[in-house]
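Architecture and fold: a report
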Amino acid sequence: MAFGDNLLACLGLKNELSGCPFRITVFGEEGVVIGGVKKISKISDEEIAFLTSRKTVSVSGKNLKITSYGEKESAISGVIEGIKIT
């Protein structure tokens, strides 16, 4: 079970969001957890991008690093300045 599944269940949103190919949880300016990750497409101190089944999710900022990378879910820490979905 992914980290965000418990949050969705508490909010009663699990069924409504189950068809989403990815999920992004932002923790202020200090971190991001992205669910639905297939692989890393770009990694640097200023940008980290992941491929999902349908889109690319890019996180930009400063001193970015992947703190957790597992099956379908990854975490990034650093100064988060933006998130772009293409």
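For the structure given in this document, a descriptive report is provided here. (Residues numbered from 1 in each chain as written. Predicted model: local features only at pLDDT ≥ 70, side-chain atom pairs only at ≥ 80, totals over all residues. Heavy atoms only, no water.)

Where side chains of opposite charge bring their charged atoms close, a pairing between them can arise. Within the structure shown, the criterion is met by two salt bridges. Between Glu47 and Lys42 there is a salt bridge whose closest N-O contact spans 2.9 Å. Looking at Lys42, the relative accessible area reads 41%, which means it is partly exposed. (Salt bridge = Lys/Arg side-chain N within 4 Å of Asp/Glu carboxyl O. Buried < 20%, exposed > 50% of the residue type's maximum accessible area, 1.4 Å probe, protein only.)

Now for the nonpolar core. Judged by nonpolar contacts, Phe22, Val32, Ile34, Val37, Ile48, Phe50, Val57, Val59, Leu64, Ile76 and Ile80 together constitute the single largest core of eleven residues. Contributing elements (two or more residues each) for this core: β2 (31-37), β4 (47-51), β5 (56-70) and β6 (72-85). Other than its neighbours up to four places away in sequence, Ile80 contacts Glu29, Glu30, Gly31, Val32, Val59, Ser60 and Leu64. (Core = buried A, V, L, I, M, F, W, Y, C linked by side-chain atoms within 4.5 Å. Helix = DSSP H or I, 4+ residues; strand = E, 2+ residues; numbered from the N terminus. Contact = heavy atoms within 4.5 Å.)

Below, the discussion takes up a nonpolar patch on the surface. On the surface, Val26, Ile83 and Ile85 cluster together into a nonpolar patch covering about 230 Å² of accessible area. Mapped onto the elements of the fold, Val26 is located in strand β1 (residues 23-27). (Patch = residues over 30% accessible without salt bridge, like charges linked within 9 Å, V, L, I, M, F, W, Y side chains within 5 Å. Areas by Shrake-Rupley, 256 points an atom, 1.4 Å probe, with all protein chains shown as cover.)

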